[in-house]
Protein chains: 2
Amino acid sequence: MLSRDRIVAAAIAVIEREGADAVSMRRIAAELGVGVMSLYNHVPNKSALLDAVAETVLSQIEFTDDPAAHWTQRVRMQARAFRQIAHHFPRCTMVVVSRQLRSTAGLLPVERALATLRDAGFDGREAVQMLRVFIAYIVGSLLREVGVTPTFAPVRPDIAVAEVDPALFPMVSAFAPDLMACDHEEEFDFGLELLVQTMAVRAEQAAGHEG
Amino acid sequence: MLSRDRIVAAAIAVIEREGADAVSMRRIAAELGVGVMSLYNHVPNKSALLDAVAETVLSQIEFTDDPAAHWTQRVRMQARAFRQIAHHFPRCTMVVVSRQLRSTAGLLPVERALATLRDAGFDGREAVQMLRVFIAYIVGSLLREVGVTPTFAPVRPDIAVAEVDPALFPMVSAFAPDLMACDHEEEFDFGLELLVQTMAVRAEQAAGHEG
DNA sequence: GTTGACGTACGTACAGCGTACGTGACACGC
DNA sequence: GCGTGTCACGTACGCTGTACGTACGTCAAC
C-alpha cells in the first residue's frame, strides 16, 4: 500500500543516492514500483513532496538537550546537531536549505535555541539576533561542507588553487597549502567556538549592565 | 548579432524579473528574439550558462579597498560589498550560491580578504579559518535576506509566528515580537560587528604571542 | 444481494524542457 | 568558382510535471 511516508522515504533515498536533480515523479514511482499518477493520491505535487523531504530531514535532528549543562555547552550541542543531520543527509541539505518551510519541524530548533539563549541571560532582542547569527553561520558552513560551496574556498582545492597565477593572486598562492586543507569538522568547530566565546562575553556584559 | 554576453545578460534579466525557475533556453531565446539552438553557438549548455550568470554577478562586486584604512574597517567594507551585490541581484543570489564555480571572478574576493587578514596579523592557517567563518556567515545571512531563508527565522513572520501554539513553543511565542521584526541590514551588521570584534581580539592575542 | 459512493492505482495525453543533429545563409582565402 | 568556417535556425527525441478519465477494490445503506 502506497503512503505519503513511503513516497517521502523513497524521495530521500533517491536524492541521497543520485542527487537532487535526479528526483522526478517518474523516478520515484519506479523506485516504489507503482504508476506515476498514484503518487498524486498522497502528495499534491512535486514541490510539496520536496517540502516534505525537507521537513522529514529536519525533524530527525536529535536534540539531546541537557538542561543541567552550562548554556555554552548546550549551544555547542545544538549547533553540532544541525551539522550531524547534514552529514547524515548530505545531498538533502541543499533541498532543506533552499525551501523555506513553515512547519513545527522548523520551529522546534528555534524554540530550543531561544530557551538556551534566554538562560544565557539575553533578553528577547539579543537572543533573536544571536540566534540569527548562529543560523547564518551554520547554514553557510553546511553549504560549504556539503560541497555546494557557495564560497570560493577550495571545493576542489588541488585543482582550483594549484593553477592560480601567483602574479595575479599572490595571497591565494602564498596561502595555498592552508586553503587546500579543509577539515570540515575542525573548521566548523573553530567558528563555533569563536561565536560561543564571543557570546559568553556579551552575556557577561549584559548581566553586568543589568545587575 | 548574438553573443555570450548578451545571452548571459538576458538570463540575468529573466531571473531577476521572473525568478530562477523561469529560466529556460527557450525563454531566453525568446527574450533575445532568436531561435533556441542559436544559443548553443555561444554557450555549451544550460549549466554553463548559469555558471556564467553566477560569475558575472560575482564579478560586479565593487571592492573599493582602502589600504590606508584600519583592517577592521576593510573587513567591514568587503563584507558589505558582498551584501550589496546580493541586494542588487536578489534572485540571482541563490544561483550564485548554489553553483560551485571555479574562476578568477571567485578568487578575487578571496585574494582581497586574505591580504586584509594578513595585515591584521594572522598567519596563513588562522587567516584561512577566519575567512571561512566570514564567508559562512555572509552566505548564510544573504540566504536569509534574499528570502530563500534556509532558516526558521521569520520569512513571513506575521503568519509563521502568530499562529504558533504558546503551549508547544513558549519561547517562540514569548519572543514573537522580536522574531517578527527583522531589519536585514541591522541584523547583518550585528553579526558582522560581532565577528570583527572577536577577530580583533584574536589578532591582538596573536600579536602578543608573537612579539 | 444489490446498489451506489468512495478511495486508490493506473494509462493516456499535453505542454514544456534540454539538446543532438542536419540545413542553409553568409563570409572568407585560394 | 570553390572549399572551409561560422552562425542562425528547424526538426526531433527523450525527458519532465501533471490534468483528466478509467477501472478496480471496499464498505454502507437499502
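One numbering rule holds for all chains: residues counted from 1, following each sequence as written. To read the labels, note that chains go from A and ligands from 1, taken in the order they are written. In keeping with the model being predicted, local features are shown solely for residues with a pLDDT of at least 70 and side-chain atom pairs are shown and tallied solely at 80 or more, while totals for entire chains, interfaces and linings include all residues. Calculated side-chain values reflect all of the structure's heavy atoms, with hydrogen atoms and water omitted.

K.L.:
Residue-level account of the overall build of chain A, with values.
P.N.:
Helix and strand assignments come from DSSP, with helices taken as H or I runs of at least 4 residues and strands as E runs of at least 2, each series counted from the N terminus. Of the regular secondary structure elements, chain A holds 11 helices and 0 strands. Each residue is placed in one exposure class: buried if its accessible area under a 1.4 Å probe, protein chains only, is under 20% of its type's maximum, exposed if it is over 50%, and partly exposed if it falls in between. Across the 211 residues that make up chain A, the buried fraction comes to 51%. Carbon together with sulfur atoms contributes 52% to the accessible area of chain A, which is approximately 9,600 Å² in total. In this description, accessible areas are obtained by the Shrake-Rupley approach with a 1.4 Å probe, and a residue is regarded as covered only by the protein chains that are shown.

K.L.:
Which residues make up the interface of chain A and chain B, and what values do they have?
P.N.:
Contacts are residue-level and defined by heavy atoms, with any inter-residue pair within 4.5 Å sufficient. Counting residues at the interface gives 66 residues for chain A, matched by 66 residues for chain B. Summed over both sides, the interface of chain A with chain B buries roughly 6,100 Å², with 69% coming from carbon and sulfur. Each salt bridge in this description consists of a side-chain nitrogen of Lys or Arg and a carboxyl oxygen of Asp or Glu lying within 4 Å of one another. For the interface between chain A and chain B, the tally reads 6 salt bridges. When the shortest N-O distance is used, the salt bridge between R132 of chain B and E187 of chain A registers 3.1 Å. By the criterion applied in these results, polar contacts are pairs of N or O atoms within 3.5 Å in which, for protein atoms, one can donate a hydrogen and the other can accept it, and in which residues neighboring in sequence qualify only through two side-chain atoms. In this structure, the connection of chain A to chain B is made through 18 residue pairs in polar contact (both at pLDDT 80 or more). Within the residue set of the side of chain A that touches chain B, elements represented by two or more residues are α5 (90-98), α6 (104-119), α7 (124-146), α8 (157-160), α9 (170-174), α10 (176-180) and α11 (184-210) of chain A. If you tally residues by element for the side of chain A that touches chain B, the top one is α7 of chain A, at 16 residues. Once two parts are brought into contact, the accessible area they lose, counted with a 1.4 Å probe and summed over both, makes up the buried area.

K.L.:
Could you give me a rundown of the environment of S59 of chain B, with the residues and numbers involved?
P.N.:
Examined against the element boundaries, S59 of chain B turns out to sit in helix α3 (residues 46-59). Residues S59 of chain B and A105 of chain B, spaced 46 residues apart in sequence, show a C-alpha to C-alpha distance of 5.2 Å.

K.L.:
Describe in detail the protein's contact with DNA strand C, supporting the description with residues and values.
P.N.:
By convention in these notes, a residue is near a molecule or strand provided one of its non-hydrogen atoms lies within 4 Å of it. Around DNA strand C sit 18 residues in total, of which G35, M37, S38 and H42 of chain A together with R26 of chain B are the nearest. H42 of chain A is positioned with one of its side-chain polar atoms (N or O) 2.7 Å from a phosphate oxygen of DNA strand C. The separation between a phosphate oxygen of DNA strand C and a polar side-chain atom of S24 of chain B is 3.0 Å.

K.L.:
If you had to explain the relation of the copies chain A and chain B to someone new, which residues and values would you point to?
P.N.:
With an RMSD of 0.1 Å, the fit of chain A onto chain B corresponds to turning through 180° and sliding 0.0 Å along the axis. Read as a symmetry element, the transformation amounts to a two-fold axis. In this assembly, 100% of the residues forming the interface of chain A have copies in chain B that are likewise at the interface, indicating an isologous arrangement. Superposing copies: least-squares fit, C-alpha atoms only, residues required to have pLDDT of at least 70 in both.

K.L.:
Explain the protein's contact with DNA strand D to me, using residue names and the numbers behind them.
P.N.:
The immediate surroundings of DNA strand D are formed by 18 residues, with R26 of chain A together with G35, M37, S38 and H42 of chain B found nearest. Those atoms of DNA strand D that come within 4 Å of the protein belong to sugar or phosphate at a rate of 48%. Y40 of chain A places a polar side-chain atom, nitrogen or oxygen, 3.0 Å from a phosphate oxygen of DNA strand D. Charged residues are taken to be Asp, Glu, Lys and Arg, nonpolar residues to be Ala, Val, Leu, Ile, Met, Phe, Trp, Tyr, Cys and Pro, and polar residues to be all remaining types, Gly included. Per-class residue counts for the surface near DNA strand D are 9 nonpolar, 6 polar and 3 charged.

K.L.:
Describe the packing of aromatic side chains, naming the residues involved and giving the relevant values.
P.N.:
Residue and element names in this part refer to chain A. What counts as a ring pair is set by centres within 6.5 Å for rings of Phe, Tyr and Trp (its six-membered ring), and what kind of pair is set by the plane angle: stacked under 30 degrees, edge-to-face over 60, tilted for all other angles. Within this structure, the stated rule accounts for 6 aromatic pairs over all chains. Relative to F122, the ring of W71 lies with its centre 6.4 Å away and its plane at 80°, an arrangement referred to as edge-to-face. Of the two residues, W71 sits in helix α4 (residues 71-88) while F122 sits in the loop between α6 and α7, which places them 51 residues apart along the sequence. Their ring planes at 20° and their centres at 5.8 Å tell us that Y137 and F188 sit as a pair that is stacked. With Y137 in helix α7 and F188 in helix α11, the pair connects residues that are 51 residues apart, well separated along the chain.

That's the geometry; what it means functionally is another story.
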